[in-house]
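# Results of the structural survey
Spelled out, the chains give:
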Amino acid sequence: MYIFYSLLIFALLGTFSVAVEHSNDLEVERVKRVVVEDVDVDFASNDEPSPARLRQKSPSRASANPSTKDAQPVPNPDGVVPIVLPPYHDANIAPFDTKKRSCLLYLEGITILVLDFKSIGGAQKAYTLPLIAANDSYGYQDSYVVCPPGPKDGGNFTTGTPFSFVIDYRINKPRQLVLENSVVMTVSKGFMLTLNFVSNSGFDLASAVLEGLTIEKGQSGFITKDLIRSTNASNALGTNIRAYFGYNYACSVTPALLFPVKEDPDFLVGIILNNFQVQGYGVDKDGDKTIPYFSTRTADCIPTFNQGTWMGIIVTLILVSVLAFAFLMLNSVQTMDRFDDPKQKQIVINFKE
Amino acid sequence: MANAMLYTFYSLWGISTFVLIGAALYYMLTGQGERFDIGWFLTETSPHMWAALGVAASLSLSVIGAGWGIFTTGSSILGGGVKAPRIRTKNLVSIIFCEAVAIFGIIMAFVFAGKLGKFSRELAYGHPEIIAKNLAAGYYIFGGGLTVGFSNFVCGLAVGVVGSGAALADAANPALFVKILIIEIFASAIGLFGMIIGIVQTNKASMSDTL
(Lines give C-alpha, C1' and ligand atoms only; values in the text may rest on other atoms or scores of the structure.)
Protein backbone atom coordinates (compact mmCIF):
# COMPACT_ATOMS: atom_id res chain seq x y z
CA MET A 1 0.00 0.00 0.00
CA TYR A 2 2.78 2.39 0.98
CA ILE A 3 4.94 1.05 -1.81
CA PHE A 4 2.15 1.91 -4.20
CA TYR A 5 1.91 5.45 -2.90
CA SER A 6 5.63 6.01 -3.09
CA LEU A 7 5.78 4.59 -6.61
CA LEU A 8 2.94 6.88 -7.61
CA ILE A 9 4.81 9.86 -6.23
CA PHE A 10 7.98 8.81 -8.07
CA ALA A 11 6.07 8.48 -11.32
CA LEU A 12 4.39 11.85 -10.90
CA LEU A 13 7.62 13.62 -10.09
CA GLY A 14 9.35 12.01 -13.03
CA THR A 15 6.63 12.90 -15.48
CA PHE A 16 6.44 16.42 -14.21
CA SER A 17 10.15 17.06 -14.49
CA VAL A 18 10.33 15.61 -18.00
CA ALA A 19 7.28 17.57 -19.09
CA VAL A 20 8.67 20.83 -17.79
CA GLU A 21 12.00 20.23 -19.47
CA HIS A 22 10.36 19.55 -22.80
CA SER A 23 7.64 22.15 -22.63
CA ASN A 24 9.64 24.13 -25.18
CA ASP A 25 9.29 21.47 -27.83
CA LEU A 26 5.96 22.43 -29.27
CA GLU A 27 6.41 26.16 -29.25
CA VAL A 28 8.75 28.43 -31.05
CA GLU A 29 8.72 31.01 -28.32
CA ARG A 30 10.40 30.55 -25.03
CA VAL A 31 8.26 29.67 -22.04
CA LYS A 32 10.10 31.51 -19.29
CA ARG A 33 9.38 35.15 -19.77
CA VAL A 34 9.06 37.94 -17.25
CA VAL A 35 7.81 41.43 -17.91
CA VAL A 36 10.47 43.94 -16.97
CA GLU A 37 8.95 46.70 -14.95
CA ASP A 38 11.07 47.11 -11.87
CA VAL A 39 14.27 49.01 -11.38
CA ASP A 40 16.19 46.10 -9.91
CA VAL A 41 19.62 45.54 -11.26
CA ASP A 42 21.06 42.14 -11.84
CA PHE A 43 24.79 42.42 -11.72
CA ALA A 44 27.20 40.24 -13.55
CA SER A 45 29.60 38.27 -11.41
CA ASN A 46 32.58 40.50 -11.85
CA ASP A 47 34.57 42.51 -9.40
CA GLU A 48 34.72 46.25 -9.61
CA PRO A 49 35.05 47.13 -13.25
CA SER A 50 38.46 48.38 -14.15
CA PRO A 51 38.56 51.48 -16.23
CA ALA A 52 41.21 49.99 -18.49
CA ARG A 53 39.99 48.13 -21.51
CA LEU A 54 39.82 44.40 -21.15
CA ARG A 55 42.03 42.62 -23.66
CA GLN A 56 39.92 40.18 -25.55
CA LYS A 57 41.13 36.69 -26.28
CA SER A 58 38.69 35.79 -29.01
CA PRO A 59 40.46 34.68 -32.20
CA SER A 60 38.83 37.11 -34.58
CA ARG A 61 36.47 39.96 -34.17
CA ALA A 62 34.07 39.80 -37.07
CA SER A 63 33.10 43.45 -37.39
CA ALA A 64 34.85 45.73 -34.97
CA ASN A 65 33.71 48.96 -36.51
CA PRO A 66 30.83 48.34 -38.85
CA SER A 67 30.10 51.17 -41.19
CA THR A 68 26.58 52.34 -41.43
CA LYS A 69 26.51 53.69 -44.91
CA ASP A 70 24.53 50.82 -46.39
CA ALA A 71 22.36 50.04 -43.42
CA GLN A 72 18.69 50.21 -44.26
CA PRO A 73 16.04 50.50 -41.60
CA VAL A 74 14.11 47.29 -41.47
CA PRO A 75 10.46 48.05 -42.14
CA ASN A 76 7.99 47.08 -39.44
CA PRO A 77 4.83 46.05 -41.23
CA ASP A 78 2.77 45.38 -38.16
CA GLY A 79 4.53 47.86 -35.93
CA VAL A 80 5.17 45.19 -33.34
CA VAL A 81 8.12 43.40 -34.81
CA PRO A 82 11.02 42.90 -32.39
CA ILE A 83 14.65 42.89 -33.42
CA VAL A 84 15.37 39.80 -35.49
CA LEU A 85 18.82 39.45 -36.94
CA PRO A 86 19.02 38.61 -39.79
CA PRO A 87 15.50 39.88 -40.51
CA TYR A 88 14.28 36.76 -42.24
CA HIS A 89 10.70 37.97 -42.16
CA ASP A 90 11.53 40.29 -45.03
CA ALA A 91 13.00 38.26 -47.84
CA ASN A 92 14.10 41.34 -49.77
CA ILE A 93 16.48 42.39 -47.07
CA ALA A 94 17.64 39.03 -45.82
CA PRO A 95 16.79 35.94 -47.83
CA PHE A 96 17.29 32.74 -45.88
CA ASP A 97 20.36 31.01 -47.21
CA THR A 98 21.97 28.29 -45.16
CA LYS A 99 25.01 28.34 -47.39
CA LYS A 100 25.81 31.73 -46.06
CA ARG A 101 24.75 31.66 -42.44
CA SER A 102 22.55 29.71 -40.10
CA CYS A 103 22.24 31.86 -37.02
CA LEU A 104 19.45 33.88 -35.50
CA LEU A 105 19.04 36.53 -32.85
CA TYR A 106 15.79 37.70 -31.33
CA LEU A 107 15.50 40.67 -29.02
CA GLU A 108 12.40 42.36 -27.72
CA GLY A 109 13.84 45.24 -25.81
CA ILE A 110 16.89 46.89 -24.38
CA THR A 111 17.07 48.50 -20.97
CA ILE A 112 19.66 51.15 -20.31
CA LEU A 113 21.08 51.22 -16.84
CA VAL A 114 22.87 54.11 -15.19
CA LEU A 115 24.47 53.38 -11.84
CA ASP A 116 26.06 55.83 -9.47
CA PHE A 117 29.42 54.28 -8.89
CA LYS A 118 30.15 55.82 -5.53
CA SER A 119 26.92 54.52 -4.09
CA ILE A 120 27.80 50.86 -4.52
CA GLY A 121 28.04 49.19 -1.12
CA GLY A 122 25.75 51.64 0.55
CA ALA A 123 22.32 52.75 -0.57
CA GLN A 124 22.87 51.99 -4.22
CA LYS A 125 21.45 54.46 -6.69
CA ALA A 126 20.66 53.20 -10.13
CA TYR A 127 18.07 54.00 -12.75
CA THR A 128 16.90 51.95 -15.68
CA LEU A 129 15.25 53.16 -18.82
CA PRO A 130 13.49 50.46 -20.83
CA LEU A 131 13.41 50.76 -24.60
CA ILE A 132 10.82 48.54 -26.15
CA ALA A 133 11.95 47.54 -29.62
CA ALA A 134 8.47 47.59 -31.11
CA ASN A 135 8.33 51.37 -30.81
CA ASP A 136 11.67 51.94 -32.46
CA SER A 137 13.40 50.55 -35.46
CA TYR A 138 16.68 48.96 -36.32
CA GLY A 139 18.93 49.03 -39.30
CA TYR A 140 20.38 46.08 -41.13
CA GLN A 141 22.97 45.46 -43.71
CA ASP A 142 24.56 42.25 -44.73
CA SER A 143 27.79 42.70 -42.84
CA TYR A 144 25.97 43.04 -39.56
CA VAL A 145 25.56 39.32 -39.10
CA VAL A 146 28.55 37.05 -39.48
CA CYS A 147 28.18 33.38 -38.71
CA PRO A 148 29.17 30.02 -40.17
CA PRO A 149 27.03 28.31 -42.82
CA GLY A 150 24.51 25.63 -42.00
CA PRO A 151 25.42 22.08 -41.01
CA LYS A 152 24.48 20.57 -44.32
CA ASP A 153 26.39 23.15 -46.32
CA GLY A 154 29.80 22.46 -44.98
CA GLY A 155 29.66 24.85 -42.09
CA ASN A 156 31.90 24.02 -39.24
CA PHE A 157 30.89 25.13 -35.79
CA THR A 158 33.89 23.84 -33.92
CA THR A 159 35.98 25.28 -31.18
CA GLY A 160 36.94 28.84 -31.84
CA THR A 161 34.38 29.65 -34.51
CA PRO A 162 33.19 33.18 -33.93
CA PHE A 163 29.83 34.62 -34.76
CA SER A 164 28.60 38.14 -34.17
CA PHE A 165 25.61 40.40 -34.48
CA VAL A 166 25.38 44.16 -34.77
CA ILE A 167 22.24 45.74 -33.38
CA ASP A 168 21.80 49.12 -35.04
CA TYR A 169 19.17 50.55 -32.76
CA ARG A 170 17.33 53.65 -33.97
CA ILE A 171 15.08 55.55 -31.62
CA ASN A 172 11.99 57.10 -33.20
CA LYS A 173 10.82 59.13 -30.28
CA PRO A 174 13.07 60.31 -27.46
CA ARG A 175 12.59 58.23 -24.36
CA GLN A 176 12.59 59.82 -20.93
CA LEU A 177 12.66 58.45 -17.44
CA VAL A 178 10.37 60.58 -15.31
CA LEU A 179 10.16 60.04 -11.59
CA GLU A 180 8.17 62.25 -9.26
CA ASN A 181 7.54 64.78 -11.99
CA SER A 182 11.15 65.40 -12.86
CA VAL A 183 13.10 63.97 -15.74
CA VAL A 184 16.00 61.82 -14.62
CA MET A 185 17.48 61.01 -18.01
CA THR A 186 16.65 61.09 -21.70
CA VAL A 187 17.80 58.98 -24.59
CA SER A 188 17.03 60.42 -27.98
CA LYS A 189 19.75 59.17 -30.30
CA GLY A 190 20.20 55.60 -31.40
CA PHE A 191 23.29 53.49 -30.86
CA MET A 192 25.02 50.42 -32.19
CA LEU A 193 25.70 47.38 -30.07
CA THR A 194 27.95 44.65 -31.39
CA LEU A 195 27.80 41.26 -29.71
CA ASN A 196 30.70 38.95 -30.44
CA PHE A 197 30.31 35.32 -29.55
CA VAL A 198 32.78 32.52 -29.82
CA SER A 199 32.09 28.82 -29.73
CA ASN A 200 33.97 26.37 -27.55
CA SER A 201 32.31 23.48 -25.77
CA GLY A 202 29.17 25.53 -26.26
CA PHE A 203 29.30 29.19 -27.09
CA ASP A 204 29.74 32.27 -25.01
CA LEU A 205 29.72 36.01 -25.36
CA ALA A 206 33.33 37.01 -25.76
CA SER A 207 32.96 40.77 -26.06
CA ALA A 208 30.50 43.52 -26.73
CA VAL A 209 31.09 46.93 -28.26
CA LEU A 210 28.82 49.87 -27.76
CA GLU A 211 28.97 52.87 -30.01
CA GLY A 212 27.25 56.15 -29.79
CA LEU A 213 25.05 55.77 -26.74
CA THR A 214 24.16 59.22 -25.45
CA ILE A 215 22.26 59.69 -22.21
CA GLU A 216 21.21 63.25 -21.69
CA LYS A 217 20.91 64.63 -18.25
CA GLY A 218 17.57 65.59 -16.86
CA GLN A 219 16.38 68.02 -14.26
CA SER A 220 16.47 65.73 -11.28
CA GLY A 221 20.19 66.08 -10.76
CA PHE A 222 21.05 62.41 -10.70
CA ILE A 223 23.27 62.84 -13.77
CA THR A 224 25.25 66.04 -13.84
CA LYS A 225 26.35 65.95 -17.45
CA ASP A 226 25.50 64.03 -20.59
CA LEU A 227 26.95 60.56 -20.68
CA ILE A 228 28.37 59.34 -23.97
CA ARG A 229 29.67 55.83 -24.30
CA SER A 230 31.50 54.25 -27.20
CA THR A 231 33.58 51.51 -25.74
CA ASN A 232 33.97 47.81 -25.06
CA ALA A 233 32.12 45.97 -22.35
CA SER A 234 34.21 45.20 -19.30
CA ASN A 235 32.28 42.19 -18.10
CA ALA A 236 31.21 40.38 -21.25
CA LEU A 237 32.45 37.02 -20.01
CA GLY A 238 31.04 37.61 -16.56
CA THR A 239 27.46 37.98 -17.68
CA ASN A 240 27.38 34.26 -18.45
CA ILE A 241 25.56 34.68 -21.73
CA ARG A 242 26.48 31.23 -22.85
CA ALA A 243 24.94 27.91 -23.78
CA TYR A 244 25.95 24.30 -24.22
CA PHE A 245 26.87 22.80 -27.55
CA GLY A 246 23.79 22.46 -29.73
CA TYR A 247 21.69 24.68 -27.48
CA ASN A 248 20.56 28.25 -27.95
CA TYR A 249 20.62 30.85 -25.19
CA ALA A 250 17.47 32.55 -24.02
CA CYS A 251 16.89 35.03 -21.25
CA SER A 252 14.15 37.38 -20.20
CA VAL A 253 16.49 39.79 -18.39
CA THR A 254 20.19 39.33 -18.94
CA PRO A 255 22.77 40.59 -16.47
CA ALA A 256 23.92 44.08 -17.36
CA LEU A 257 26.79 44.53 -19.79
CA LEU A 258 28.78 47.38 -18.30
CA PHE A 259 30.68 49.91 -20.36
CA PRO A 260 33.00 51.90 -18.13
CA VAL A 261 35.08 54.79 -19.39
CA LYS A 262 38.25 55.93 -17.69
CA GLU A 263 37.54 59.60 -18.22
CA ASP A 264 34.15 59.43 -16.61
CA PRO A 265 34.25 57.09 -13.64
CA ASP A 266 31.29 58.46 -11.73
CA PHE A 267 28.53 56.71 -13.57
CA LEU A 268 28.43 53.18 -14.89
CA VAL A 269 26.34 52.67 -17.98
CA GLY A 270 25.02 49.23 -18.72
CA ILE A 271 22.89 47.55 -21.32
CA ILE A 272 20.39 44.90 -20.32
CA LEU A 273 18.83 42.76 -23.04
CA ASN A 274 15.21 41.85 -22.48
CA ASN A 275 13.55 38.74 -23.87
CA PHE A 276 16.62 37.74 -25.76
CA GLN A 277 17.35 34.55 -27.63
CA VAL A 278 20.38 33.75 -29.76
CA GLN A 279 21.57 30.76 -31.71
CA GLY A 280 24.81 30.56 -33.66
CA TYR A 281 24.40 27.51 -35.78
CA GLY A 282 21.77 25.15 -37.01
CA VAL A 283 18.82 27.45 -37.71
CA ASP A 284 16.67 25.94 -40.42
CA LYS A 285 13.20 26.12 -41.79
CA ASP A 286 10.66 23.56 -42.86
CA GLY A 287 10.23 24.30 -46.51
CA ASP A 288 9.58 27.38 -48.57
CA LYS A 289 6.55 28.94 -47.04
CA THR A 290 7.73 28.95 -43.44
CA ILE A 291 10.14 31.14 -41.55
CA PRO A 292 13.31 29.92 -39.87
CA TYR A 293 13.04 28.93 -36.26
CA PHE A 294 15.25 28.33 -33.27
CA SER A 295 16.01 24.75 -32.40
CA THR A 296 14.15 23.24 -29.49
CA ARG A 297 17.05 22.84 -27.13
CA THR A 298 17.30 26.03 -25.12
CA ALA A 299 19.58 26.92 -22.26
CA ASP A 300 17.71 29.50 -20.29
CA CYS A 301 19.53 31.88 -18.00
CA ILE A 302 17.30 30.66 -15.19
CA PRO A 303 17.52 26.87 -15.00
CA THR A 304 14.63 24.56 -14.13
CA PHE A 305 16.08 23.78 -10.74
CA ASN A 306 17.23 27.15 -9.50
CA GLN A 307 18.00 28.15 -5.94
CA GLY A 308 14.41 28.85 -5.05
CA THR A 309 13.23 25.55 -6.46
CA TRP A 310 15.73 23.56 -4.47
CA MET A 311 14.95 25.45 -1.27
CA GLY A 312 11.26 24.83 -1.82
CA ILE A 313 11.83 21.15 -2.48
CA ILE A 314 13.87 20.67 0.68
CA VAL A 315 11.42 22.44 2.95
CA THR A 316 8.44 20.74 1.33
CA LEU A 317 9.98 17.32 1.77
CA ILE A 318 10.66 18.01 5.43
CA LEU A 319 7.16 19.24 6.13
CA VAL A 320 5.53 16.44 4.16
CA SER A 321 7.56 13.87 6.05
CA VAL A 322 6.40 15.38 9.34
CA LEU A 323 2.84 15.12 8.14
CA ALA A 324 3.31 11.55 7.00
CA PHE A 325 4.88 10.59 10.31
CA ALA A 326 2.03 12.12 12.28
CA PHE A 327 -0.57 10.42 10.14
CA LEU A 328 1.08 7.04 10.49
CA MET A 329 1.36 7.47 14.24
CA LEU A 330 -2.33 8.22 14.50
CA ASN A 331 -3.17 5.30 12.28
CA SER A 332 -1.24 2.92 14.50
CA VAL A 333 -3.49 3.43 17.52
CA GLN A 334 -5.14 0.12 18.24
CA THR A 335 -7.77 -0.82 20.74
CA MET A 336 -7.09 -3.58 23.17
CA ASP A 337 -8.60 -6.85 22.08
CA ARG A 338 -7.12 -9.13 24.69
CA PHE A 339 -10.41 -9.82 26.40
CA ASP A 340 -12.55 -10.06 23.28
CA ASP A 341 -14.22 -13.44 23.01
CA PRO A 342 -16.26 -14.10 19.88
CA LYS A 343 -17.97 -17.11 21.37
CA GLN A 344 -19.42 -15.35 24.38
CA LYS A 345 -22.91 -13.90 24.36
CA GLN A 346 -23.20 -10.41 22.91
CA ILE A 347 -23.94 -7.59 25.31
CA VAL A 348 -27.41 -6.23 24.70
CA ILE A 349 -28.18 -2.67 25.69
CA ASN A 350 -31.80 -1.67 25.84
CA PHE A 351 -32.72 1.83 24.87
CA LYS A 352 -35.77 3.05 26.69
CA GLU A 353 -37.30 5.99 24.83
CA MET B 1 4.99 3.31 16.33
CA ALA B 2 8.14 1.90 14.90
CA ASN B 3 6.24 1.28 11.71
CA ALA B 4 5.36 4.94 11.47
CA MET B 5 8.98 6.03 11.71
CA LEU B 6 10.11 3.32 9.31
CA TYR B 7 7.61 4.17 6.61
CA THR B 8 8.22 7.89 6.92
CA PHE B 9 11.96 7.57 6.55
CA TYR B 10 11.69 5.04 3.75
CA SER B 11 9.42 7.24 1.69
CA LEU B 12 11.40 10.42 2.43
CA TRP B 13 14.64 8.71 1.46
CA GLY B 14 13.03 7.26 -1.64
CA ILE B 15 11.61 10.55 -2.84
CA SER B 16 14.78 12.54 -2.26
CA THR B 17 16.92 9.88 -3.92
CA PHE B 18 14.62 9.87 -6.90
CA VAL B 19 14.65 13.65 -7.22
CA LEU B 20 18.42 13.89 -6.87
CA ILE B 21 19.32 11.00 -9.14
CA GLY B 22 16.63 11.91 -11.65
CA ALA B 23 17.80 15.51 -11.90
CA ALA B 24 21.47 14.48 -12.06
CA LEU B 25 20.94 11.89 -14.77
CA TYR B 26 18.68 14.14 -16.80
CA TYR B 27 21.18 16.96 -16.81
CA MET B 28 24.12 14.72 -17.54
CA LEU B 29 22.47 12.79 -20.33
CA THR B 30 21.19 15.89 -22.12
CA GLY B 31 24.59 17.51 -22.27
CA GLN B 32 24.06 20.14 -19.60
CA GLY B 33 25.92 18.39 -16.81
CA GLU B 34 27.37 21.61 -15.51
CA ARG B 35 23.95 22.61 -14.26
CA PHE B 36 24.03 19.94 -11.56
CA ASP B 37 26.36 21.92 -9.40
CA ILE B 38 26.46 21.12 -5.70
CA GLY B 39 28.85 23.99 -4.99
CA TRP B 40 26.43 26.42 -6.56
CA PHE B 41 23.63 24.92 -4.48
CA LEU B 42 25.54 25.34 -1.24
CA THR B 43 26.57 28.91 -1.95
CA GLU B 44 23.44 30.23 -3.60
CA THR B 45 20.70 28.94 -1.31
CA SER B 46 19.81 31.34 1.42
CA PRO B 47 21.61 30.93 4.74
CA HIS B 48 18.41 32.04 6.40
CA MET B 49 16.72 28.84 5.27
CA TRP B 50 19.42 26.65 6.78
CA ALA B 51 19.50 28.61 10.03
CA ALA B 52 15.73 28.50 10.37
CA LEU B 53 15.76 24.77 9.70
CA GLY B 54 18.29 24.42 12.48
CA VAL B 55 16.12 26.32 14.92
CA ALA B 56 13.11 24.24 13.88
CA ALA B 57 15.00 20.98 14.22
CA SER B 58 16.33 21.90 17.65
CA LEU B 59 12.95 22.66 19.11
CA SER B 60 10.72 20.18 17.35
CA LEU B 61 12.93 17.12 17.65
CA SER B 62 13.53 17.79 21.36
CA VAL B 63 9.83 18.10 21.95
CA ILE B 64 9.12 14.89 20.04
CA GLY B 65 11.61 13.07 22.22
CA ALA B 66 10.24 14.56 25.41
CA GLY B 67 6.67 13.83 24.45
CA TRP B 68 7.40 10.26 23.48
CA GLY B 69 9.25 9.73 26.76
CA ILE B 70 6.45 11.13 28.84
CA PHE B 71 3.97 9.00 26.96
CA THR B 72 5.94 5.83 27.69
CA THR B 73 6.59 6.61 31.33
CA GLY B 74 3.18 8.07 31.98
CA SER B 75 1.28 5.05 30.80
CA SER B 76 3.39 2.78 32.99
CA ILE B 77 2.87 4.96 36.05
CA LEU B 78 -0.84 5.01 35.43
CA GLY B 79 -0.98 1.28 34.97
CA GLY B 80 1.21 0.46 37.97
CA GLY B 81 -0.51 3.05 40.10
CA VAL B 82 -3.74 1.15 39.98
CA LYS B 83 -2.39 -1.69 42.12
CA ALA B 84 0.36 0.21 43.97
CA PRO B 85 -0.72 3.80 44.56
CA ARG B 86 2.45 4.68 46.46
CA ILE B 87 4.51 4.88 43.26
CA ARG B 88 2.61 7.81 41.82
CA THR B 89 4.38 10.73 43.42
CA LYS B 90 7.88 9.27 43.49
CA ASN B 91 7.90 8.42 39.79
CA LEU B 92 7.07 11.94 38.71
CA VAL B 93 10.84 12.43 38.76
CA SER B 94 11.07 10.45 35.54
CA ILE B 95 8.53 12.74 33.96
CA ILE B 96 10.56 15.73 35.04
CA PHE B 97 13.69 14.29 33.42
CA CYS B 98 11.82 13.98 30.16
CA GLU B 99 10.49 17.51 30.44
CA ALA B 100 14.01 18.82 30.98
CA VAL B 101 14.87 17.53 27.52
CA ALA B 102 12.20 19.71 26.00
CA ILE B 103 13.50 22.67 27.98
CA PHE B 104 17.01 22.10 26.61
CA GLY B 105 15.53 22.25 23.13
CA ILE B 106 13.68 25.47 23.69
CA ILE B 107 16.64 27.19 25.33
CA MET B 108 18.85 26.29 22.38
CA ALA B 109 16.17 27.46 19.98
CA PHE B 110 16.23 30.85 21.68
CA VAL B 111 20.01 30.99 21.49
CA PHE B 112 20.06 30.07 17.80
CA ALA B 113 17.27 32.44 16.88
CA GLY B 114 19.20 35.23 18.53
CA LYS B 115 22.06 34.68 16.10
CA LEU B 116 19.91 35.28 13.03
CA GLY B 117 20.37 38.63 11.42
CA LYS B 118 19.88 40.70 8.33
CA PHE B 119 21.81 39.74 5.26
CA SER B 120 21.24 40.80 1.69
CA ARG B 121 23.36 39.50 -1.10
CA GLU B 122 23.18 42.64 -3.22
CA LEU B 123 24.97 44.74 -0.61
CA ALA B 124 27.71 42.15 -0.23
CA TYR B 125 28.24 42.10 -3.98
CA GLY B 126 31.93 42.86 -4.13
CA HIS B 127 32.85 41.38 -0.78
CA PRO B 128 33.03 37.59 -0.83
CA GLU B 129 34.17 37.48 2.76
CA ILE B 130 30.84 38.87 3.97
CA ILE B 131 28.95 36.29 1.93
CA ALA B 132 31.24 33.58 3.29
CA LYS B 133 30.65 34.66 6.86
CA ASN B 134 26.90 34.58 6.47
CA LEU B 135 26.88 31.24 4.68
CA ALA B 136 29.04 29.81 7.44
CA ALA B 137 26.66 31.18 10.07
CA GLY B 138 23.73 29.54 8.33
CA TYR B 139 25.47 26.19 8.26
CA TYR B 140 26.71 26.48 11.85
CA ILE B 141 23.19 27.06 13.12
CA PHE B 142 21.81 24.27 10.95
CA GLY B 143 24.38 21.85 12.31
CA GLY B 144 23.88 23.03 15.86
CA GLY B 145 20.16 22.61 15.58
CA LEU B 146 20.47 19.09 14.24
CA THR B 147 22.92 18.19 17.01
CA VAL B 148 20.70 19.46 19.76
CA GLY B 149 17.55 18.10 18.19
CA PHE B 150 18.64 14.57 17.50
CA SER B 151 20.45 14.03 20.78
CA ASN B 152 17.50 15.35 22.75
CA PHE B 153 15.18 13.19 20.69
CA VAL B 154 17.00 10.01 21.58
CA CYS B 155 17.53 11.15 25.15
CA GLY B 156 13.81 11.60 25.59
CA LEU B 157 13.14 8.15 24.19
CA ALA B 158 15.72 6.55 26.46
CA VAL B 159 14.58 8.34 29.61
CA GLY B 160 11.04 7.36 28.80
CA VAL B 161 11.74 3.66 28.47
CA VAL B 162 13.91 3.57 31.57
CA GLY B 163 11.36 5.54 33.54
CA SER B 164 8.67 3.12 32.54
CA GLY B 165 10.79 0.23 33.77
CA ALA B 166 11.47 2.11 36.97
CA ALA B 167 7.78 2.62 37.65
CA LEU B 168 6.91 -1.02 37.20
CA ALA B 169 9.91 -2.22 39.20
CA ASP B 170 9.01 0.21 41.97
CA ALA B 171 5.51 -1.13 42.04
CA ALA B 172 6.87 -4.63 42.53
CA ASN B 173 9.67 -3.85 44.99
CA PRO B 174 10.20 -0.38 46.46
CA ALA B 175 13.94 -0.84 47.05
CA LEU B 176 14.66 -0.95 43.31
CA PHE B 177 13.60 2.59 42.46
CA VAL B 178 16.75 4.44 43.50
CA LYS B 179 19.04 2.05 41.64
CA ILE B 180 17.10 2.46 38.43
CA LEU B 181 17.14 6.21 38.85
CA ILE B 182 20.92 6.11 38.40
CA ILE B 183 20.43 4.61 34.94
CA GLU B 184 18.02 7.38 34.17
CA ILE B 185 20.57 10.02 35.10
CA PHE B 186 23.04 8.54 32.63
CA ALA B 187 20.39 8.62 29.95
CA SER B 188 19.63 12.23 30.73
CA ALA B 189 23.28 13.21 30.33
CA ILE B 190 22.96 12.54 26.60
CA GLY B 191 20.68 15.50 26.20
CA LEU B 192 23.19 17.68 28.02
CA PHE B 193 25.96 16.56 25.65
CA GLY B 194 23.88 17.70 22.72
CA MET B 195 23.21 21.07 24.28
CA ILE B 196 26.86 21.74 25.11
CA ILE B 197 28.08 20.77 21.66
CA GLY B 198 25.32 22.86 20.11
CA ILE B 199 26.63 25.89 21.95
CA VAL B 200 30.21 25.16 20.92
CA GLN B 201 29.19 24.77 17.28
CA THR B 202 27.40 28.08 17.07
CA ASN B 203 29.84 30.19 19.04
CA LYS B 204 31.30 31.80 15.94
CA ALA B 205 28.06 32.14 14.00
CA SER B 206 27.01 35.69 13.24
CA MET B 207 24.91 36.97 10.38
CA SER B 208 25.27 40.59 9.41
CA ASP B 209 25.83 42.90 6.49
CA THR B 210 29.26 44.01 7.68
CA LEU B 211 32.37 42.24 8.73
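To keep things clear, this report deals only with the structure shown in the data block. Per-chain numbering applies: the sequence of each chain, read as written, is numbered from 1 onward. A letter from A marks each chain and a number from 1 marks each ligand, given out in the order of writing. Whole-chain, interface and lining totals are the exception, using all residues; otherwise, since this is a predicted model, local features are given only for residues with pLDDT of at least 70 and side-chain atom pairs are given and counted only at 80 or more. Only hydrogens and water are set aside when side-chain values are computed; all heavy atoms of the structure are taken into account.

### Regarding the state of the cysteines
Residue and element names in this part refer to chain A. Spelled out, the test is: For the purposes of this analysis, a disulfide is any pair of cysteine sulfur atoms at a distance within 2.5 Å. Secondary structure elements are taken from DSSP: a helix is a run of H or I of four residues or more, a strand is a run of E of two residues or more, and numbering for both begins at the N terminus. Classification of residues uses two cut-offs on accessible area relative to the type maximum, computed with a 1.4 Å probe and protein chains only: under 20% is buried, over 50% is exposed, and between them is partly exposed.
The full count for this structure, using the stated rule, is two disulfides over all chains. A disulfide bridge connects Cys103 with Cys147, and the sulfur atoms are separated by 1.7 Å. Of this pair, Cys103 sits in the loop between β2 (83-85) and β3 (104-116) while Cys147 sits in the loop between β6 (145-146) and β7 (162-170), and the two are 44 residues apart along the sequence. Each member of the pair, Cys103 as well as Cys147, is classed as buried. Between the sulfur of Cys251 and that of Cys301 lies a disulfide, 1.9 Å long from S to S. Its S-S torsion of approximately 75 degrees makes the covalent link between Cys251 and Cys301 right-handed.

### Comments concerning the packing of helix α3 (residues 47-83) of chain B against helix α6 (residues 128-172) of chain B
Operational definition: Angles shown run from 0 to 180 degrees and are taken between the N-to-C directions of axes, each axis being a line fitted to C-alpha atoms and, for helices, limited to the stretch in contact. The scheme is simple: roughly parallel for angles under 35 degrees, roughly antiparallel for over 145, roughly perpendicular for 65 to 115, oblique for anything else.
At a minimum axis separation of 7 Å, α3 of chain B and α6 of chain B run at an interaxial angle of 0 degrees. It follows that α3 of chain B is roughly parallel to α6 of chain B by the angle criterion.

### Examining the packing of aromatic side chains
Counted only if it meets this: Between 30 and 60 degrees the pair is tilted, below 30 it is stacked and above 60 it is edge-to-face, where a pair is any two Phe, Tyr or Trp rings, Trp via its six-membered ring, whose centres lie within 6.5 Å.
Under the criterion given, the structure shown has 21 aromatic pairs over all chains. Look at Phe222 of chain A and Phe267 of chain A: their rings are 5.5 Å apart centre to centre, the planes differ by 75 degrees, and that puts the pair in the edge-to-face class. One end of the pair, Phe222 of chain A, is in the loop between β12 (213-217) and β13 (227-229); the other, Phe267 of chain A, is in strand β17 (residues 267-279), with 45 residues separating them in the sequence. Judged by its relative accessible area of 8%, Phe222 of chain A is buried. Aromatic ring contacts, followed pair by pair, group Phe305 and Trp310 of chain A together with Tyr26, Tyr27, Phe41, Trp50, Tyr139 and Phe142 of chain B into a single cluster.

### Points about the environment of Asn172 of chain A
All names here are of chain A. The following threshold applies: Here, residues are in contact when the closest pair of their heavy atoms is within 4.5 Å.
Among the structural elements, Asn172 can be located in the loop between β7 and β8 (175-179). Assessed through its relative accessible area of 53%, Asn172 is described here as exposed. Distance from Asn172 to Glu211, taken between C-alpha atoms, is 18 Å for residues 39 residues apart in sequence. Once residues lying within four places of it in the same chain are set aside, the contact partners of Asn172 are Asn135, Asp136 and Ser137.

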